[in-house]
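# A structural walkthrough
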Amino acid sequence: MMKKKSISASKASLVFFLCQMISALDVPLDSKLLEELLQPPTITQQSPKDYIVDPRENIVIQCEAKGKPPPSFSWTRNGTHFDIDKDAQVTMKPNSGTLVINIMNGGKAEAYEGVYQCTARNERGAAISNNIVIRPSRSPLWTKERLEPNHVREGDSLVLHCRPPVGLPPPIIFWMDNAFQRLPQSERVSQGLNGDLYFSNVQPEDTREDYICYARFNHTQTIQQKQPISVKVFSMDSLNDTIAANLSDTDIYGAKPVTERQPVLLTPTGSTSTKVELRGNVLLLECIAAGLPTPVIRWIKEGGELPANRTFFENFKKTLKIIDVSEADSGNYKCIARNILGSAHHVISVTVKAAPYWITAPRNLVLSPGEDGTLICRANGNPKPDISWLANGVPIAIAPEDPSRKVDGDTIIFSHVQERSSAVYQCNASNEYGYLLANAFVNVLAEPPRILTTANKLYQVIADSPALLDCAYFGSPKPEIEWFKGVKGSILRGNEYIFHDNGTLEIPVAQKDSTGTYTCVARNELGKIQNEVHLEVKDPTMIIKQPEYKVIQRYGQVSFECIIKHDSTLLPTVIWLKDNDALPDDERFLVGKDNLTIMNVTDKDDGTYTCIVNTTLDSVSASAVLTVVARPNPPFDLELTGQLERSVELSWIPGDENNSPITNFVIEYEDGLHEPGVWHYQTEVPGTQTTVQLKLSPYVNYSFRVIAVNEIGRSQPSEPSEQYLTKSANPDENPSNVQGIGSEPDNLVITWESLKGFQSNGPGLQYKVSWRQKDVDDEWTSVIVANVSKYIVSGTPTFVPYEIKVQALNDLGYAPEPSEVIGHSGEDLPMVAPGNVQVHVINSTLAKVHWDPVPLKTVRGHLQGYKVYYWKVQSLSRRSRRHVEKKILTFKGNKTFGMLPGLEPYSSYKLNVRVVNGKGEGPASPDKVFKTPEGVPSSPSFLKITNPTLDSLTLEWGSPTHPNGVLISYILKFQPINNTHELGPLVEIRIPANESSLILKNLNYSTRYKFYFNAQTSVGSGSQITEEAVTIMDEVQPLYPRIRNVTTAAAETYANISWEYEGPDHANFYVEYGVAGSKEDWKKEIVNGSRSFFVLKGLTPGTAYKVRVGAEGLSGFRSSEDVFETGPAMASRQVDIATQGWFIGLMCAVALLILILLIVCFIRRNKGGKYPVKEKEDAHADPEIQPMKEDDGTFGEYSDAEDHKPLKKGSRTPSDRTVKKEDSDDSLVDYGEGVNGQFNEDGSFIGQYSGKKEKEPAEGNESSEAPSPVNAMNSFV
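If you're wondering where the values come from, they're calculated on a predicted model, not measured in any experiment.

On a plain count of helices and strands, the protein chain comes out with six helices and 92 strands. Among the 1277 residues that make up the protein chain, the fraction classed as buried is 44%. Sequence-distant contacts, at least 24 apart, represent 66% of the contacts inside the protein chain between residues at least 6 apart. Taken as a whole, the protein chain presents about 66600 Å² of accessible surface, with 51% of it coming from carbon and sulfur.

Here it is in structure tokens:
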């Protein structure tokens, strides 16, 4: 035992407590030891304090106890001895204190009401039970009462009282109707905690005669019913009618309409109330309010928050529920009822009281003679409970005295106890809300040490795991335990060991050197005993290579490895399990030393395989899953049901999916009548579906088969279903896409898409082709043709509308009447040119042309639009003729005006207009001459600054590429630039138009100047060109870096920027650009290397940009700004080679040769000869008869190439669509419409530019005649 230390008297109470903890003995649950040791009684089971019994059943009052020797039992009833031998209805169970009161054989439960207490006694003391209050449950009937009907005005509040009979325990209340259906409750109508039914406001639908309150008594399993309550709600309209019927006309009557009312609390009443609840119970607070509209209830706690996680709202927030309340939940709780008219509130003051509850309950003491100990009984409650002690069931004040015992309030102090001090003490803690009773015995024993663990026990453990060496002991006084290792080992101490109170020695992490013999020694003042145990530490068993997850296809081979390492003294056993069960008894499973192999894997082999390695000390395992996958098995049991003429239902049973879910089923069919042996796709359905309704066609001999599909692949097809031959029928549908388009001026080609094989619905498929001229009272002309898709009607007038229909038929009859379509016979070239062509010049680059439409009858085809051919005759400023460059604009539809963009200022133009149909162009109108006025010139072609001196610079320039009029002067502006790049005063000089150079004198030396130079016509100034230059500091000209002559060549979406650089080598350039006139920041692009050009990409067509070039590392040095404009989304241009002399001569020669050839053919044909002729004309036709492009519906195209050479076949403008600045300074972006450059209905541009002329191949058919020589010549005119 621990050595006792002397302490001061002031710490006596602490000493007694420590003595209890140190000296009190724990008696091991050793059966042999327990049989030998004496022990006072202990109550082990008893009935509840408040015991409500069913009066129809026997009453069983439990009292069970243990002790050595076994205790005897006695009872008191209402404080006096209860002699059970004198009451034939009462018996006590053998070896027990439980009473059984026989009620079912004549006894009455009411006769046995009372307070019962059980005493269990042996020679060591007496233990008592709680006071058990026996009360039979009661479920009385409702008292008879007469209930008057409730007449209530709509909108008023109403309370239906339940007032159930007082029962034991209280009943559960609910409201139902005559049909035993619960009455619906809501925020407006709800049941209170007292069982009453509250209406915040009544509505007409509340009228009923069966409001019934029910009380359910759970103990007796009975339900009592109150008499039905009737409620009649009067609406304002009905109440007014009733009053009016009973009053004279002179009476004033009338009920007020339903008025809204602010909330008023129905319960609780008043503004405040109180509530007392016991600690640990459920606190229920309720507020129900009347009002219209129905009020909403809200709860708050004054001065605090509602407890989280313990607060709940019930009954539409009318009830506040707080579970497991404590003293901290005391306070004022406010409920607030609110609607749109106002609010009402009520404060409930909650006080939480507490029945007694344990702080420290007394515990049993086992002491040795002469030891000290304490029994502590500490409880709390509100109010604070009184503590009283009993000894063996007798108040300690009148119990036999014990000199070793001293009572000090809630503590009994024992000093130098003897065996006669053994007793059972009861602690009673009580206040007005209840009591607690606890039994605790003091058992004084004198026993020498005993070691209960088997001697020389061998312990074997795995290394690195805990080792627990037992030394179960008992003795009184409590023995002291010591452990030794080895024969002469010293006592074990230190952090590597743990010594448990029960004597067990724990080695938390046993190592190999922990092996050995350990001795346990137990001693007290009555003796000493020891015991040896042995410990062996083994190496752990490990699986060093575990089996792995495997996916294998059917009929393959798979192997799982399980390689182990173990202690050499342990014999491991390896067991393989499948799905936690033994392996199948199958020779395909081969268990090797370190593996499991499965041969010829089947579907049944998938599952979880576990390798378990067992030794006598440890067990390890590892598992892996084997999944056997395969394509699905084919479906089977195909069945056709519900056979109809046009449908049938196919069902099947899926085959095994083989561990890969079936994703879908594919249904195929065979037509044994038309294509035997050929299977066609019919449909497919999801993998969860096993039936499908199939649509059928007539005159087909069907067989079906089903294929299952999963991720592995497709199954084999199922066996074919039975054959099902559908009956023949008339065709269901007619050919589609019926069209009538003439290929020649005198024919009509009718085409259609033929029906597919099974669409024929029967044998003998043919087509009935019918046509008649539209808007002419003609009969239909019909022919029946074989299964073809075209028929040609010859000898038709030129371009007249026809009504056309094509009907399918077979041997059983015709398809439904087909719908009619409108077609036209062949087109011919228009006959008349547009007249009254007028030109209105809008500005120097834009003109508007008007013409009169041609009569539609002369178009002789579908009117496609008008083409305007225009070309520049000469420049009025240069008076020099150029080669003619005809441009073509096309205006779709029946338009009579259009805009001519991109004209050159101060020039003379000609134009003519032609009408266009599907065949080609008509004759041209007479040429119309018009002139454009002067415009502003383009920028000078260049500006060079040379010969810098101390005070002068020489300027040289070139005239504008496009003067656009008569130049009257040049304007030169310049200003100095200081070192901070600030601009000085601007000087302007006007220079005569015939000058090309100028020497500027009287300049500042070593000064940079910026120059702005542009030309002028009478219209105004043109765009300017800028340049910078520096006067020299002395006569030796320095190499001052500068970037000059920035030029741009812009296309639609990009621009080529080039410049000249003078200065040090190895300069790194960058290009900055932005939208002209925009305040946005400049965008910067780095130029790779020291190149003097760069391509800006991603520009917007038809947009003006500003650009400048700079050099990195030259302190912000950059060029002057230049402005350029991207071109519109234009088509390419084309030279009209038809006006070239060489081309005209070549065409005449070709025409003469063809004429001779055709005459020869014509003569030979008239003699009976037949010559199949296939003509393909590759020559370029005259633009006047140029047909439309077939691919996009556009017409002849804008041609403006500069060279004089004819275009090669298929030639186009460059792929980058670059337009040189000097070619045209006019933009089409203001007139075009996307890449087609089209105008809207206001006459704006809708034509397009192109670099290619399309030819239309000649069409023919089997009924057309040989081409006329005249027509052949016309194609070249």
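Continuing now.
Bringing the nonpolar core into the picture now. The nonpolar side chains of soluble globular proteins are, as a tendency, buried together. Counting 30 residues, the largest nonpolar core has Ile 59, Ile 61, Trp 75, Ile 101, Tyr 116 and Ile 134 as its most contacted members. Breaking this core down by element, the ones donating at least two residues are strand S2 (50-53), strand S3 (59-61), strand S4 (63-68), strand S5 (72-77), strand S8 (99-101), strand S9 (114-122) and strand S11 (132-136). Take this core: its biggest share by element is three residues, from S9.

This part covers the sheet that holds strand S78 (residues 928-931). One open sheet accounts for four strands, arranged S75-S74-S77-S78; its pairing is antiparallel. The outermost strands of the open sheet, each flanked by one partner alone, are strand S75 (887-892) and S78. Each adjacent strand pair in this sheet contributes to an overall mean axis angle of 25°, direction not counted. In this structure, strand S77 (residues 907-916) lies alongside S78, joined through four bridges in antiparallel fashion. Across the sheet, Ser 908 pairs through a bridge with Lys 931, a residue of S78.

Attention shifts here to the side chain of Gln 975. Secondary-structure assignment places Gln 975 in strand S81 (residues 969-977). Taking the relative accessible area as the measure of exposure, Gln 975 reaches 9% and is therefore buried. Within the local environment of Gln 975, its side chain forms a polar contact with the backbone oxygen of Gly 984, the two atoms lying 2.7 Å apart. A distance of 2.9 Å separates a polar atom in the side chain of Gln 975 from a polar atom in the side chain of Tyr 1012. Ignoring any residue separated from it by four or fewer positions in sequence, one finds Gln 975 in contact with Leu 983, Gly 984, Pro 985, Leu 986, Arg 1008, Tyr 1009, Lys 1010 and Tyr 1012.

Bringing the state of the cysteines into the picture now. Enumeration over the complete set of coordinates arrives at six disulfides. Each sulfur in the disulfide pair Cys 63 and Cys 118 lies 2.0 Å from the other. Between Cys 63 and Cys 118 the disulfide shows an S-S torsion of about -75°. By sign, it is left-handed. Remark: Cys 118 occurs in strand S9 and Cys 63 occurs in strand S4; sequence separation between them is 55 residues. Comparing Cys 63 with Cys 118 shows no difference in burial state: the two are buried. Here Cys 377 pairs with Cys 427 through a disulfide, and the sulfurs are 1.6 Å apart. Between Cys 377 and Cys 427, the disulfide has an S-S torsion of -70° and is therefore left-handed. Of this pair, Cys 377 sits in the loop between strand S30 (373-376) and strand S31 (378-382) while Cys 427 is found in strand S36 (residues 423-431), placing the two residues 50 residues apart along the sequence.

Strands sit in the order S89-S88-S91-S92 across an open sheet of four strands; the sheet is antiparallel. Strands at the two margins of the open sheet, each flanked by one partner only, are strand S89 (1083-1086) and strand S92 (1122-1125). Taken over all neighbouring pairs, the strand axes of this sheet differ in orientation by 30° on average, direction set aside. Taken together, the four bridges between strand S91 (residues 1104-1112) and S92 define a ladder with antiparallel strand orientation. Residue pairing across strands places Lys 1106 opposite Val 1123, the latter belonging to S92.

Once that is clear, we can look at a nonpolar patch on the surface. A cluster of nonpolar side chains, contributed by Leu 193, Val 282 and Leu 284, occupies part of the molecular surface with about 230 Å² of accessible area. Assessed through its relative accessible area of 40%, Val 282 is described here as partly exposed.

Okay, the packing of aromatic side chains next. In the structure shown here, the tally under the stated rule is 23 aromatic pairs. Considering the side-chain rings of Trp 652 and Phe 665, the 5.3 Å spacing of their centres and the 65° angle between planes classify their relative orientation as edge-to-face. Here Trp 652, found in strand S58 (residues 647-653), pairs with Phe 665, found in strand S59 (residues 664-671); they are 13 residues apart in sequence, far enough to count as distant. Relative accessible area serves as the criterion here: at 4%, Trp 652 is assigned to the buried category.

Moving on to the pattern of salt bridges. Counting across every chain of the model gives 37 salt bridges. We note a salt bridge from Lys 321 to Glu 314, for which the minimum N-O separation is 3.3 Å. Overall, Lys 321 belongs to the partly exposed group, its relative accessible area being 23%. For Glu 817, the salt bridge identified is with Lys 805, shortest N-O distance 2.8 Å. Separated by 12 residues along the polypeptide, Glu 817 in the loop between strand S70 (813-814) and strand S71 (821-824) and Lys 805 in strand S69 (residues 801-810) bring together distant segments of the chain. Residue Lys 805 is classed as buried on the basis of its relative accessible area of 14%. One network of salt bridges, with partners in common, ties together Asp 177, Arg 208 and Asp 210.

Another point: the pairing of strand S37 (residues 434-444). Moving residue by residue along a regular strand, the side chains alternate between the two faces of the sheet. Across the 11 residues that make up S37, a large majority, eight, are buried. Pairing analysis gives three bridges linking strand S29 (residues 365-367) to S37, with the strands arranged parallel. When the bridges of S37 are listed, Val 366 appears paired with Asn 443. Note: S36 against S37, nine bridges, orientation antiparallel. Residue pairing in the sheet places Tyr 425 in a bridge with Ala 440 of S37. Hairpin connection, S36 to S37: the antiparallel pair is bridged by two residues.

About the thresholds
- Residues numbered from 1 in each chain as written.
- Predicted model: local features only at pLDDT ≥ 70, side-chain atom pairs only at ≥ 80, totals over all residues.
- Heavy atoms only, no water.
- Helix = DSSP H or I, 4+ residues; strand = E, 2+ residues; numbered from the N terminus.
- Buried < 20%, exposed > 50% of the residue type's maximum accessible area, 1.4 Å probe, protein only.
- Contact = heavy atoms within 4.5 Å.
- Areas by Shrake-Rupley, 256 points an atom, 1.4 Å probe, with all protein chains shown as cover.
- Core = buried A, V, L, I, M, F, W, Y, C linked by side-chain atoms within 4.5 Å.
- Pairing = 2+ DSSP bridges.
- Axes fitted to C-alpha atoms, helices over the stretch in contact; angles between N-to-C directions.
- Polar contact = N/O pair within 3.5 Å; in protein donor to acceptor, adjacent residues only side chain to side chain.
- Disulfide = S-S within 2.5 Å.
- Patch = residues over 30% accessible without salt bridge, like charges linked within 9 Å, V, L, I, M, F, W, Y side chains within 5 Å.
- Salt bridge = Lys/Arg side-chain N within 4 Å of Asp/Glu carboxyl O.
- Phe/Tyr/Trp six-rings, centres within 6.5 Å; stacked < 30°, edge-to-face > 60°.

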